[in-house]
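This is what each chain is made of:
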Amino acid sequence: MGGTQQPIQVTGSAEPISMSDLSHIQGDIVVGMAKKMENFVFFNITKEGRKDKAKSFREHLASFRPRITTAEQAQEFRELVDRTKERGRQPNKALNIAFSAKGLKLLGIEPKDIKDEPFNNGQLASAKDLGDDVTKWDPMFKDTSNTFEAQDGIHGVIIVVASDKDKLQEAMNDINTDFQLKNRQTASINISTIEGHVRAPEEGHEHFGFKDGITQPFLQGLDENKLEKTDTAKSIPPGVILLGRPGDPNMRGRPEWALDGSFLAFRKLEQRVPEFRADIQSLARDLNMDPELLGARLVGRWKNGGSVQMFPNQAPSQQEAQDPKKVQSVSFSIQDQKSCPFVAHIRKTNPRQDLEQFNIDNAVAPHRIFRRGIQYGPEVGKDETKTDPDPKSDKQRGLLFACYQSNITEGFEFIQKAWISNPTFPPDANVTRKTQPVPKNPHFRNLSGIDPLLGTPTVDSFRKVVGLDANARIPQTAIDALRSIVGANPSKLDAVTDLRGKDWVVSRGGEYFFSPSITALKKFFAS
Ligand code: N7H
């Protein structure tokens, strides 16, 4: 089946989701594939003789498809791991696949039918609005001529996860076999792989040292049992993540090939760890506070995962930090940042009561995402800290950020642009800046600051916030004010902390993909 001739129906399933649906949804979307290592295998369909190569690709995909891990299998594996914890690590490998808009087009599937502008245009087109400096992007994400064997960008990604090196190699061999990579004549794709792995010294903790992967949305119809374990978390409609399900704003307008698929936003985010550690020490000295508390307040969680809202003075015990009721129940106090600053990363990216207080229907739910990231790069070596107190990263490391949603504008891009990079968010923040002049514009009444980890202030972001036109002159002090935050120190809540020049996270680029259902892969993609 499949091919350009395949008619594409426009329909919507509109069914609530249940466990029985898991057998035809890819495993990484709603369950998440358990992993110690992960390869993002970016591919493009070979340029020479591309029409024939696209046909071969469909045939190769037919051999590869049975290897794709379903959400049901991902769920079974997670349960097995839970049951057999005391026996140690269970060997496993798992594979998923997703396509860029360019990739869909080459397969004769019209990406515009899916009606998602950022996906259709590709991430490079969004780079400026996301606050990225494209000169810092890796060539493979932006260059269409000299890299990736001059093949016009990325057409898709195969996600490979494994419990260990041998299993990872097995899965990579499967790809080699199915797509005939060893023979240039018969191979249908070129590949370029980015390798990720959980950090050996601190499993489950990202490079800055914080526990990650704690909070994920709960899906109505699937995760009700998990809800019982928390006090404050609410479930979200499945259509926030899966196309064509209730909660998908475009539920009735999706083509059949898109139903129960999800958009994957991938970002390679470099973390400058030695600089982050040194800056936290010196900022804490200036603020006369404990560096661990400062780091925790910038993230909104202590390194062991306990939230500063619930544990404002010191990190909870390891036992408390592992109690889902204690780590997942976060309830911010409206207009108050004594326990958790407005700018804290988890408050910016999931503001909870800060928006729910307005009784706006669906203020937060449409913007939830499933995060599936993993770390990349080596641990910090002694050579990188020898220039203390002014260290410089000379190796690349960070987060391979990946998230799923049914709408990129409402999901990843909304969080990045409207929340993370918006210095006046949350809108009802109760902030008075004591030590830094603030532009005399009413929009800046609540200038709490942008996300200290990820926000990038730009003249454009300033214009947008204030509503100025493109020619308006903007004083440097106003732009500088965007990279400063209030609320870092609980004893001096109005003090301004200047974070200019502290780019702890640098985007190295990324791409948007669509991850179809297994049914759609069979019917529309493979032949
Ligand atoms: Fe974030 N970090 O390690 O400091 N993130 N994040 N993130 N993030 C979270 O709850 C981090 C990034 C979200 O519901 C935690 O799992 C780093 C982007 C969301 O409470 C930690 C980077 C975007 C949540 C980090 C990074 C998000 C979240 C707490 C980049 C979206 C859930 C652990 C290098 C555009 C919030 C946890 C909630 C949590 C870190 C990137 C979004 C520790 C280092 C780009 C929605």
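Above: the structure in question.
Residues numbered from 1 in each chain as written. Predicted model: local features only at pLDDT ≥ 70, side-chain atom pairs only at ≥ 80, totals over all residues. Heavy atoms only, no water.

*Asks:* Just give me the short version of the site of the ligand, but keep the residues and values in it.
*Replies:* Around the ligand lies a shell of 27 residues, among which Glu206, Ile214, His345, Arg352 and Arg371 are the nearest. Asp212 places a polar side-chain atom, nitrogen or oxygen, 3.4 Å from an oxygen atom of the ligand. Here an oxygen atom of the ligand and a side-chain polar atom of Asn350 are 2.9 Å apart. Per-element accounting of the shell around the ligand gives the leading share, four residues, to helix 16 (residues 412–420). Here the residues of the shell around the ligand are counted per class, giving 13 nonpolar, seven polar and seven charged. (Near = heavy atom within 4 Å. Polar contact = N/O pair within 3.5 Å; in protein donor to acceptor, adjacent residues only side chain to side chain. Helix = DSSP H or I, 4+ residues; strand = E, 2+ residues; numbered from the N terminus. Nonpolar A, V, L, I, M, F, W, Y, C, P; charged D, E, K, R; others polar.)

*Asks:* Lay out the nonpolar core with the relevant residues and their values.
*Replies:* Soluble globular proteins tend to bury their nonpolar side chains together. Counting residues in each nonpolar core, the largest one holds 84 residues, and the members touching the most others are Phe57, Leu61, Ile97, Phe99, Ile158 and Phe525. Among the elements that line this core, the one with the most residues is helix 10 (residues 273–287), at six residues. Setting aside residues up to four positions removed in sequence, Phe57 forms contacts with Phe43, Ile45, Ile97, Phe99, Leu107, Phe179, Ser188 and Ile189. The next biggest cluster of nonpolar side chains, apart from the first, holds 39 residues, and it includes Ile194, Phe266, Phe370 and Ala402. (Core = buried A, V, L, I, M, F, W, Y, C linked by side-chain atoms within 4.5 Å. Buried < 20%, exposed > 50% of the residue type's maximum accessible area, 1.4 Å probe, protein only. Contact = heavy atoms within 4.5 Å.)

*Asks:* Any chance you could break down the coordination of the iron atom of the ligand for me, citing the residues and the numbers?
*Replies:* Of all protein atoms, His345 (NE2) alone acts as a donor to the iron atom of the ligand, lying 2.1 Å away. Positionally, His345 belongs in helix 14 (residues 345–349). (Donors = N, O, S within 2.8 Å, 3.2 Å for Na, K, Ca; no water.)

*Asks:* Give me the pairing of strand 10 (residues 398–405): which residues, what numbers.
*Replies:* Of all eight residues that make up strand 10, eight are buried, and the element is covered over most of its length. Bridge analysis of strand 7 (residues 262–271) against strand 10 gives eight bridges, and the strand direction is antiparallel. When the sheet's bridge partners are listed, Arg267 is paired in strand 10 with Phe401. Note that strand 8 (residues 370–371) and strand 10 share two bridges and pair antiparallel. Its bridge partner lying in strand 10, Phe370 is registered against Tyr404. Where strand 9 (residues 374–376) meets strand 10, three bridges bridge the pair, whose relative direction is antiparallel. Its bridge partner lying in strand 10, Ile374 is registered against Leu400. (Pairing = 2+ DSSP bridges.)

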